[in-house]
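Residue-level listing of the chains:
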Protein chains: 2
Amino acid sequence: MIQLYFHPISNPSLLPLFVAAAGGLEVERKMVDLQNQEQHGDDFKRVNPFARVPAMRDGDLFLGESGAIARYLARKSGTDIYSEDIAEAALIDQWCDFIAHHIRANVARVQFNRFVAPLVGQEPDPKSVEMGLEFLAKNLPHVELALDRDGHLHGDRLTLADIALVAAMEPQFTAKLDMSDYPITAAWLDEQRKSDWYQTVHTHFGAEMGL
Amino acid sequence: MIQLYFHPISNPSLLPLFVAAAGGLEVERKMVDLQNQEQHGDDFKRVNPFARVPAMRDGDLFLGESGAIARYLARKSGTDIYSEDIAEAALIDQWCDFIAHHIRANVARVQFNRFVAPLVGQEPDPKSVEMGLEFLAKNLPHVELALDRDGHLHGDRLTLADIALVAAMEPQFTAKLDMSDYPITAAWLDEQRKSDWYQTVHTHFGAEMGL
């Protein structure tokens, strides 16, 4: 069975877990104890030499990096959350890259400074928050427009791109993002959170964190 | 013919140009006049609604985002710079994501503050430089190790991953990166810069910039 290595505080860990659930793939979830530096231990570095979560093992194949694992799982699922047509795959990839670079990276920097830094006793960087919010204000309108027009980021069905958006936006609450300029996106995210693929992953997360 | 929209000051523009050259694809290069905001004009936004370079048109297919365009061109080339085997494709993707998130993003922030900001009259952010250098010091050793062991990031041939690394490292000179801890990577980059796919793109760049 495919093994997925993750940690609940790792936002990039979410995407492969969501994709496995949405694609109907059975996976064994392996929580890596980041608090005790398990990711730097020899056992884990045999799985992912980059010493990061998420990571994946499927037989002889060891993979790191959230986006690469997600695409592999989506293709392996054989479902239409990805596409074997290279042009359609590229359109889905385009949104995934847009989300990774222009949404997730900026949500992450705002969340880090507003939520994580105070928790771990680091000085927040107001300049980083300001830039993160500025970039989000430039990029979220593209998402709002696409969801308003089509109900999905690509085509008329759930794809890897939509799942990537949901995963990237998960820190919106701890990042205290104001979504009032993006009502369609906010409502769409609420809807996605009711789906089985979301609920399965998050129920499990809660259990593993003892919440 | 495939049209590639780019600008010489856009580092993400380099990757699709390199991939087209390495894959033997004929492309029409279209320089977008960023200085005069051509990317925000209606004509360009029909090509890429995100109003960014790089962008690509191949018949009815319009694409934005460097990584998505690069993967599409690599697959379209039918060469072994990518792979149609989903496991091998994932291993190449893993390196491409690693480079985009952990190398390119950090090279870019150092270059922005050390080179671009002073040019455009913005205040450099020393904290951002410090963090960029710190992340590079964590991530470049993985590249050094892989190139030392295999001579390539994946397998024993040039792939999209290698090309992505070359593109990501192009700002190393204006970013004034000290590569002395990574002698194998530095020498490998020097070698790649002698290749036809590199030389073709850069000669053209120079010509278009009137250099």
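Residues numbered from 1 in each chain as written. Chains lettered and ligands numbered in written order. Predicted model: local features only at pLDDT ≥ 70, side-chain atom pairs only at ≥ 80, totals over all residues. Heavy atoms only, no water.

(A) Representation of the interface of chain A and chain B within the structure. Residue-level contacts link 33 residues of chain A with 33 residues of chain B. Across the interface of chain A and chain B, roughly 2900 Å² is buried in total on both sides, 58% from carbon and sulfur atoms. Three residues stand out in chain A for area buried against chain B, namely Phe50, Arg75 and Ile86 of chain A, and they jointly supply 21% of the buried area on that side. Inspection of the chain A/chain B interface yields 2 salt bridges. Two residues, Asp93 of chain A and Arg71 of chain B, come together in a salt bridge whose shortest N-O distance is 2.7 Å. On inspection of chain A and its partner chain B, the count reaches 10 residue pairs in polar contact (both at pLDDT 80 or more). (Contact = heavy atoms within 4.5 Å. Buried area = accessible area lost by both parts, 1.4 Å probe. Salt bridge = Lys/Arg side-chain N within 4 Å of Asp/Glu carboxyl O. Polar contact = N/O pair within 3.5 Å; in protein donor to acceptor, adjacent residues only side chain to side chain.)

(B) Local environment of the sheet that holds strand 3 (residues 55-58) of chain B. Residues and elements named next belong to chain B. What the 4 strands build is an open sheet, ordered 2-1-3-4; its pairing is mixed. This sheet does not close on itself; its edge strands, each paired only once, are strand 2 (27-31) and strand 4 (61-64). The mean angle between the axes of side-by-side strands here comes to 20°, regardless of whether they run parallel or antiparallel. Strands strand 1 (2-6), strand 3 and strand 4 of the sheet are contacted by helix 3 (residues 66-77), whose axis makes an angle of about 135° with strand 4. (Pairing = 2+ DSSP bridges. Helix = DSSP H or I, 4+ residues; strand = E, 2+ residues; numbered from the N terminus. Axes fitted to C-alpha atoms, helices over the stretch in contact; angles between N-to-C directions.)

(C) Seen up close, the sheet that holds strand 4 (residues 61-64) of chain A. Residues and elements named next belong to chain A. Strand order in the open sheet made by the 4 strands is 2-1-3-4, with mixed pairing throughout. With partners counted over all chains shown, the strands left at the sheet margins are strand 2 (27-31) and strand 4, one partner each. Shown here is a sheet whose adjacent strand axes are inclined to one another by a mean of 20°, direction ignored. Relative to strand 1 (residues 2-6), helix 1 (residues 11-22) is tilted by about 150°, and along the sheet it contacts strand 1 and strand 2. Seen against the sheet, helix 3 (residues 66-77) touches strand 1, strand 3 (55-58) and strand 4 and runs at an angle of roughly 135° to strand 4.

(D) Focus on unusual backbone geometry. Cis geometry is found at the peptide bond from Val53 of chain A to Pro54 of chain A, where omega equals 0°. With respect to the secondary-structure elements, Pro54 of chain A resides in the loop between helix 2 (42-47) and strand 3. Located in the positive-phi region is Lys176 of chain A, a residue other than glycine, with phi close to 50°. Inspection of the secondary structure puts Lys176 of chain A in the loop between helix 6 (160-169) and helix 7 (183-192). By relative accessible area, which is 57% here, Lys176 of chain A ends up exposed. In this model, Ala51 of chain B sits at a positive phi of 60°, which is unusual for a non-glycine residue. (Buried < 20%, exposed > 50% of the residue type's maximum accessible area, 1.4 Å probe, protein only.)

(E) Quick peek at the pairing of strand 1 of chain A. Residue and element names in this part refer to chain A. With respect to burial, strand 1 is a largely interior element, 5 of its 5 residues being buried. Residue alternation in strand 1 divides its side chains into two sets, Ile2, Leu4 and Phe6 and Gln3 and Tyr5, and both sets are buried. In terms of strand pairing, strand 1 meets strand 2 through 5 bridges, oriented parallel. Residue Gln3 lies in a different strand from strand 2, and its bridge partner there is Glu28. Note that the unit made of strand 1, helix 1 and strand 2 has a crossover that is right-handed. (Right-handed = clockwise from strand over helix to strand, strands pointing away.)

(F) The pattern of salt bridges, seen in detail. On inspection of all chains with the given rule, the structure shows 24 salt bridges over all chains. One salt-bridge network, in which partners are shared between bridges, spans Arg71 and Asp93 of chain A together with Arg71 and Asp93 of chain B.

(G) Molecular detail of the packing of helix 4 (residues 86-119) of chain A against helix 6 of chain A. Residue and element names in this part refer to chain A. Where helix 4 meets helix 6, the closest approach of the two axes is 9 Å, and the angle between their N-to-C directions is 5°. In terms of orientation, helix 4 and helix 6 fall into the roughly parallel class. On the side of helix 4, the interface is formed by Ile92, Trp95, Cys96, Ile99, Ile103, Arg104 and Val107, while helix 6 contributes Leu160, Ala161, Ala164, Leu165, Ala168 and Met169. Looking at the contact of helix 4 with helix 6, its residues break down into 12 nonpolar, no polar and 1 charged. (Parallel < 35°, antiparallel > 145°, perpendicular 65-115°, else oblique. Nonpolar A, V, L, I, M, F, W, Y, C, P; charged D, E, K, R; others polar.)

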